[in-house]
Every structure is written in structure tokens, then in C-alpha cells.
Amino acid sequence: MTKNIMISRRSVLATGLVLGAGAFMPGARAQAPLKVAGIHASPVENAWNSRLHEALQAAAADGAIEYTFSEGVSGTDYPRAMREYAEQGNKLIVGESYAVEREARQVAADYPDTAFLMGSSGESAGDNFGVFGTWNHDGAYLAGMLAGTMTKSNIVGSVGAIPIPEVNMLINAFAEGVKAVNPDAKHLVSFIGTFFDPPKAREAGLAQIDAGADILFGERIGTADAAKERGIKSVGSLLDYTPRYPETVFANAMWYFRPILDAAVADVAAGKPVGKVYTAYGLMKDGGSDIVYVKGVASAEAETAMEAKRAEIKAGTFEVPIMMEEPK
């Protein structure tokens, strides 16, 4: 499915992103929005894709970009979609290359005048293939600190997609947060083998609950359904699940794509190479990720300790361990 969102340009962008000095000159003509295409391998309601999609929509609403997107694009069709959007004159193509790393880089090499910004486990390539990782591990660690004090069974569980580095890092960070306050707690891990299958994530969560877990970390959508069904607590990832599961999800490891997007859009608009790693713009200390939680679910002492660690992360005096090996 392909959709188009076209927003009229504004002379002053709500984000504060400057696309041209003429935008601030009386009577000057504002620079046209940058043509940007999004290619989503999963439906845009998938947690990870929704983060990209919402940020791109917001940038379009601000007048910074003109946004076109496709969703549910299979791995076999992905390179073709990249080529088609490049041929259509899009200046920046945003997406994911986890399943098509070699093919995506070949497409970028074939279109040197088009900038590509891809979620990737690999490195950037050339001047026009930039990459970013989903590093909301800081929030996952802090949520783990709360969970470690709350578990009654001394068993927590995590349900993930596929054991790629970014997913491993997130689950490992949650486990490390648990361990920091409760070194005796046991951590169960399941992978569902795909990026979007809520029923399968629910089944994996139910299996962990049957094995004794009384708090679940949902790296994948569907985990909270299992927690809600069995009346236990859960932690969300990437976006705030608490409004959808008010009695179940007590904390969320948030991730915001907008800082990464703004940095790439600014580079393209300025004619700068985008062949670099943009991950750092998504870190907690730079405002790209955080934790949101319901106060009073964990003890006051647990919240105080977690907030103290959060302040250290923001100040750069504490770094959450980056562990990309598959959790066991």
C-alpha cells in the first residue's frame, strides 16, 4: 500500500529546524519542503514503524518535508521500492535494511544523488547511506530497575522479535536493570521470529507466565495482552502503552525518531553527506529516548533510586551496558 501526505510549506518551522536563511527574510520565498519517502516492512501500526511514521508525519505537518510512504513491503520487494522512490525524485528515503543489508547498499550506490537513512545493524556506506540503531536501552534498564523490586516470584520475562543486535541490547539492558536491584531474579527470554505478530507475542508471554514470570518486558506488540489476560504487570517498549493497558503496563522504554530525522533532513537540505551513523541523536542524554512510568506502582524507594540513575544517564556520568549478544 502506498500513501501520500503533502503539507504546504511554512516559512518558520515549528521544530526550529532551519532549511534556508531566506525563510526568515521579509518577502523572501520559503524553500520547498524536502521530498521524503518512507518504506515500512511492517504495517505502520507496528511499534517500531509507528515511531518513524509519526515523526515523518509530524515533520510534514511542520512543513519541513513532503512525505510519501509504503507499508507492509516484503524483503523481496524492498530494493525495488527503494529504486522506485529514488526514480520519483525523493531526496531522502527512510526505512530499514535489517533483512536486505547487501541489496539496500547496492541500491544506494546506484543512486548517489539520493540520500538513504536506514535502521540497520551494519555501518554507513559511501556519502549517501546513513544508518541508525534503535537505542532505547537506557529506558529499558530503568524499567528493569523498577521491575526488579516489584517481582514477587523473582522471575521476569522478555518477549522479543528476532535476536538481532538492537533487540538483544534492549532485552539485555532490561535484564541488567533487574539485576542491579535484584541479583537473584531469573530472566526468561523468548523470540517470536518476526517483527510483527501480536498473537505470537501473546502466546510467548503466556508461556513465560506459565513458567513463573510475574512481570513481562514487551519488546514486541502483543506481550501486554498476555500480561493483561493473566493479571500481571508489563513494561512497554518504543511507545507509551499505558493508555491502552492502564492496569497492566506501568512503565515504557520510549524512543523518539524525530531527533534522528531532523538531523538527517538538515544534512540533506545543507547538501552534506548523510553517510554516517545517526544513532546518537536517539540517546536519552540527547532527548531521543526516555522512560515514562506510572508513579506509585513501584515503591517510593524504587522510584527514587531509578530517578537518581536516570539523572546520571542524562548527565553522562553513568552508561547503561551495551550488550548485543543474544540473551540466554
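Residues numbered from 1 in each chain as written. Predicted model: local features only at pLDDT ≥ 70, side-chain atom pairs only at ≥ 80, totals over all residues. Heavy atoms only, no water.

(A) View of the overall build of the protein. Counting its regular elements, the protein contains nine helices and twelve strands. The C-alpha radius of gyration computed for the protein amounts to 20 Å, which stays within 12% of the reference 20 Å derived for 328 residues, consistent with globular compactness. Looking at the protein as a whole, 55% of its 328 residues are labelled buried. Summarising the internal contacts of the protein: among those between residues at least 6 apart in sequence, 67% fall at separations of at least 24. Of the roughly 13600 Å² that the protein leaves accessible, carbon and sulfur atoms contribute 52%. For the protein, the distance from the average site of its 30 positive side-chain charges to the average site of its 39 negative ones is 3 Å. (Helix = DSSP H or I, 4+ residues; strand = E, 2+ residues; numbered from the N terminus. Rg over C-alpha atoms; globule rule 2.2 N^0.38 Å. Buried < 20%, exposed > 50% of the residue type's maximum accessible area, 1.4 Å probe, protein only. Contact = heavy atoms within 4.5 Å. Areas by Shrake-Rupley, 256 points an atom, 1.4 Å probe, with all protein chains shown as cover. Lys, Arg positive; Asp, Glu negative; His and termini not counted. Charge placed at Lys NZ, Arg CZ, Asp CG, Glu CD.)

(B) Spotlight on the sheet that holds strand β7 (residues 155–160). As summarised here, the arrangement of the six strands in space is β8-β7-β9-β10-β11-β12, forming an open sheet in which the pairing is mixed. Of all the strands in the sheet, just β8 (186–191) and β12 (289–293) have a single pairing partner and so form its edges. Strand-to-strand twist in this sheet, taken as the mean axis angle between neighbours without regard to direction, amounts to 15°. When strand β10 (residues 233–238) meets strand β11 (residues 249–255), the two strands line up parallel, connected through five bridges. Across the sheet, Gly236 pairs through a bridge with Asn252, a residue of β11. (Pairing = 2+ DSSP bridges. Axes fitted to C-alpha atoms, helices over the stretch in contact; angles between N-to-C directions.)

(C) Local environment of the pattern of salt bridges. Inspection of every chain in the model, using the stated rule, returns 18 salt bridges. Note that Glu176 is salt-bridged to Lys179, the shortest N-O span being 3.2 Å. In this pair, Glu176 and Lys179 both sit in helix α5 (residues 165–181), three residues apart, roughly one turn of the helix. For Glu176, a relative accessible area of 18% puts it in the buried group. Note that Arg230 is salt-bridged to Asp210, the shortest N-O span being 2.7 Å. Of the two residues, Arg230 sits in helix α7 (residues 223–230) while Asp210 sits in helix α6 (residues 198–210), which places them 20 residues apart along the sequence. Taking the relative accessible area as the measure of exposure, Arg230 reaches 37% and is therefore partly exposed. Here the salt bridges do not stand alone but share partners, grouping Asp290, Glu307, Arg310 and Lys314 into one network. (Salt bridge = Lys/Arg side-chain N within 4 Å of Asp/Glu carboxyl O.)

(D) Unusual backbone geometry, seen in detail. Backbone geometry at Asn154 places phi at a positive 65°, although glycine is not the residue there. One can find Asn154 in the loop between α4 (137–150) and β7. Of note, the phi angle at Leu238 is positive, near 80°, even though the residue is not glycine. Mapped onto the elements of the fold, Leu238 is located in strand β10. According to the relative accessible area criterion, Leu238 is buried, its value standing at 3%.

(E) View of α7. Within the sequence span of α7, burial applies to Thr223, Ala224, Ala226 and Ala227. Seen end-on, α7 carries its buried residues on one side only, within an arc spanning 155°. Summarising the contacts, the buried residues of α7 are in contact with β7, α6, β9 (215–218), β10 and β11. Phi turns positive one or two residues past the end of α7, at Gly231, with a value near 75°. (Arc of directions from axis to C-beta.)

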